[in-house]
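Analysis of the macromolecular model
The primary structure of each chain is shown beneath.
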Amino acid sequence: MATPTAPTPPASPDPDLPPGVEFEDPVAAPTSASEVVGTPDDVPDATPPAAPPAAPAPVAAAPAAPVAAAPAPVAPRSAPAVHAVGPLSGIFFVALFLISFTVMNTPEGDASNREWTSYWEDSGNRGQGMTASIAMLLAGVAFLWLVAALRRRLSGAVGTDAFYAAGVAAGCLMMVAGLGAGLIPFGYELGDTPIPDDADLLRTIDGLYFGTIFLPLPYALAGFLIPLFFALRGAHLVPEWLRIAALVVGVVALTGPFLFVVPHVLFLLWTLAASVTLLLRERDVAVMP
C-alpha cells in the first residue's frame, strides 16, 4: 500500500521567486465586495472644484482735471489814431527843424565884436533865439518818435539795432543844438544873466548850435539812413525808390560839413516823403499786440 504524499504546490509563474512564495496576480479578480466598490477613501469626491478667486476689480482712475481751453486768437484791430503818431512826428520834425534853422540869424563869424553884442542885446533877436531853441528841442523829440515807429514796423529786420542807435544819437544831437541856441536868451530872460561883453564867447556859444548841426549831425544821419536801407529790404514798407533814396542821402551825408546844407535838405525831403508814405499806408500796417 502506497504512502500518501502531500500535494505539491503549483509552480510559480515567476521562476525568480523562491519556492513556497505565492505569486499575486495583479489582474486577479476581486474576492470581496469591498474590493469591488472600494473604501470611502477610494471614492472620488463628487463636490465640484472651487471656482478660482475672482480678479480684483480695476480701480477707477480719478477724473482728470478739466483742461482750460486755449484763448481764442485776438484778431488784429486797427488803431489809426495811435499808429499815425510816428508818421505825423516825421512831418512835425521837418517843420520844426526848418523853423529853428531859419529863425536863427546870428552875425557872421568874422563880424565885429560890437555887432555881436548888439545882436543879443536886442529883445527881438533874443526872442528868435528862444523860438529856435524850443523848435529844435521839439524837433529832436519828434524825430525820436519817428525812429521808434520805424523800429516797431521793422522789428527783427537786419540793421534794425544800427539804425535805431544812430537815430537816437541824431535826436540827442538836435537837443544839444537846441540847448545851445537858447543858452544866451534863456539865461538873460529867466536867469538874469547879463549879455557877455566878450564877443568871442558869444561866437563860441553860437557855434554850439550851428557846429552841432553841421559837424556831427550829418554823420549821425548817415548812420541812421544806411542801415535803414538794408532793414527796409523785403519789408515792403516804403516804395523801392524811397528805399534807394535812403542809401543815396546817407552816402551824401557822409560828406559832413563839406557840402554845407545839402545833406540836411536832402534828409528833410526824404523824411517828409517817408512820413507821408507811412501815413497813407497806415491801414495796411499790422497792429502789434
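Above this text sits the structure in question.
Presented here is an overview of the structure given in this document. (Residues numbered from 1 in each chain as written. Predicted model: local features only at pLDDT ≥ 70, side-chain atom pairs only at ≥ 80, totals over all residues. Heavy atoms only, no water.)

This brings us to the overall build of the protein. Helix and strand counts for the protein stand at 10 helices and zero strands. In the protein, which comprises 289 residues, the share counted as buried stands at 34%. Contacts spanning at least 24 positions in sequence make up 80% of the contacts within the protein whose residues lie at least 6 apart. For the protein, the accessible surface area stands at approximately 18100 Å², while carbon and sulfur atoms represent 67% of it. (Helix = DSSP H or I, 4+ residues; strand = E, 2+ residues; numbered from the N terminus. Buried < 20%, exposed > 50% of the residue type's maximum accessible area, 1.4 Å probe, protein only. Contact = heavy atoms within 4.5 Å. Areas by Shrake-Rupley, 256 points an atom, 1.4 Å probe, with all protein chains shown as cover.)

Right, let's get into helix α7 (residues 199-214). Spanning 16 residues, α7 covers 22 Å between terminal C-alpha atoms, matching the ideal 22 Å at 1.5 Å per step. The largest bend in α7 comes to about 35°, at G207. Residues of α7 that are buried: A199, L202, R203, I205, D206, Y209, F210, T212, I213 and F214. Looking at the packing, one finds that the buried side of α7 touches α3 (85-103), α4 (113-121), α5 (123-153), α6 (160-191), α8 (216-231) and α10 (262-280). The residue sitting at the N-terminus of α7 and contributing the capping side-chain oxygen is D198; that oxygen lies 3.0 Å from the backbone nitrogen of D200. (Expected span 1.5 Å × (residues − 1). Bend = angle between axes of the 7 residues up to and from the residue. Polar contact = N/O pair within 3.5 Å; in protein donor to acceptor, adjacent residues only side chain to side chain.)

Counting 52 residues, the largest nonpolar core has F93, F143, F224 and W270 as its most contacted members. When residues of this core are traced back to their parent elements, those giving at least two are α3, α4, α5, α6, α7, α8, α9 (240-253) and α10. Tallying contributions element by element places α5 first for this core, with nine residues. (Core = buried A, V, L, I, M, F, W, Y, C linked by side-chain atoms within 4.5 Å.)

A few words on the pattern of salt bridges. Throughout the structure, instances matching the rule amount to four salt bridges. With a shortest N-O distance of 2.9 Å, D200 and R203 are connected by a salt bridge. Highlighted residues: D200 and R203, both in helix α7, separated by three residues, approximately one helical turn. (Salt bridge = Lys/Arg side-chain N within 4 Å of Asp/Glu carboxyl O.)

For α9, which comprises 14 residues, the first-to-last C-alpha distance of 20 Å matches the rise-based estimate of 20 Å (1.5 Å per residue) to within 8%. Tucked into the core, α9 has its buried residues touching α8 and α10.

Moving on: the side chain of T117. Within the secondary structure layout, T117 lies in helix α4. Excluding residues within four positions of it along the chain, T117 makes contact with P196, D197 and L202.

When two helices pack together, you describe them by how their axes are tilted relative to each other and by the distance separating the axes. Orientation of α7 relative to α8, taken along the N-to-C sense of each, is 30°, at an axis distance of 3 Å. Taken as axis vectors, α7 and α8 run roughly parallel relative to one another. Between α7, through G211, T212, I213 and F214, and α8, the contact on the second element is made entirely by P216, L217 and P218. Its residues placed into classes, the contact of α7 with α8 shows five nonpolar, two polar and no charged. (Axes fitted to C-alpha atoms, helices over the stretch in contact; angles between N-to-C directions. Parallel < 35°, antiparallel > 145°, perpendicular 65-115°, else oblique. Nonpolar A, V, L, I, M, F, W, Y, C, P; charged D, E, K, R; others polar.)

Right, let's get into a nonpolar patch on the surface. Among the surface-exposed residues, L215, Y219, V251, L254 and F258 lie close enough to one another that they form a single nonpolar patch of about 530 Å² accessible area. Within the secondary structure, L215 sits in the loop between α7 and α8. A relative accessible area of 49% places L215 in the partly exposed class. (Patch = residues over 30% accessible without salt bridge, like charges linked within 9 Å, V, L, I, M, F, W, Y side chains within 5 Å.)

The next thing to look at is the packing of α3 against α10. One way to put it is that α3 packs onto α10 with a least axis distance of 7 Å and a crossing angle of 155°. Between α3 and α10, the interaxial angle falls into the category roughly antiparallel. Read as a crossing pair, α3 and α10 show a hand that is left-handed. For the pair formed by α3 and α10, the contact residues are P87, L88, G90, I91, F93, V94, F97 and L98 on the first element and H264, F267, L268, T271, L272, S275, V276, L278 and L279 on the second. (Left-handed = near helix turned anticlockwise from the far one by under 90°.)

This part takes up the environment of A220. In this structure, A220 sits in helix α8. Owing to a relative accessible area of 11%, A220 belongs among the buried residues under this scheme. Remark: the alpha-carbon pair of A220 and L254, spanning 34 residues in sequence, is separated by 8.9 Å. Once you skip the residues sitting within four places of it in the chain, A220 turns out to touch A166, A170 and L173.

What follows concerns the packing of aromatic side chains. As enumerated under the stated definition, the model contains 15 aromatic pairs in all. Seen in terms of ring centroids, Y119 and W120 are 5.2 Å apart; in terms of plane orientation they differ by 90°. Their pairing is edge-to-face. For W120, a relative accessible area of 2% translates into the label buried. Relative to F224, the ring of F163 has its centre 5.8 Å away and its plane inclined at 75°; by these criteria the two rings are edge-to-face. Remark: F224 occurs in helix α8 and F163 occurs in helix α6; sequence separation between them is 61 residues. (Phe/Tyr/Trp six-rings, centres within 6.5 Å; stacked < 30°, edge-to-face > 60°.)

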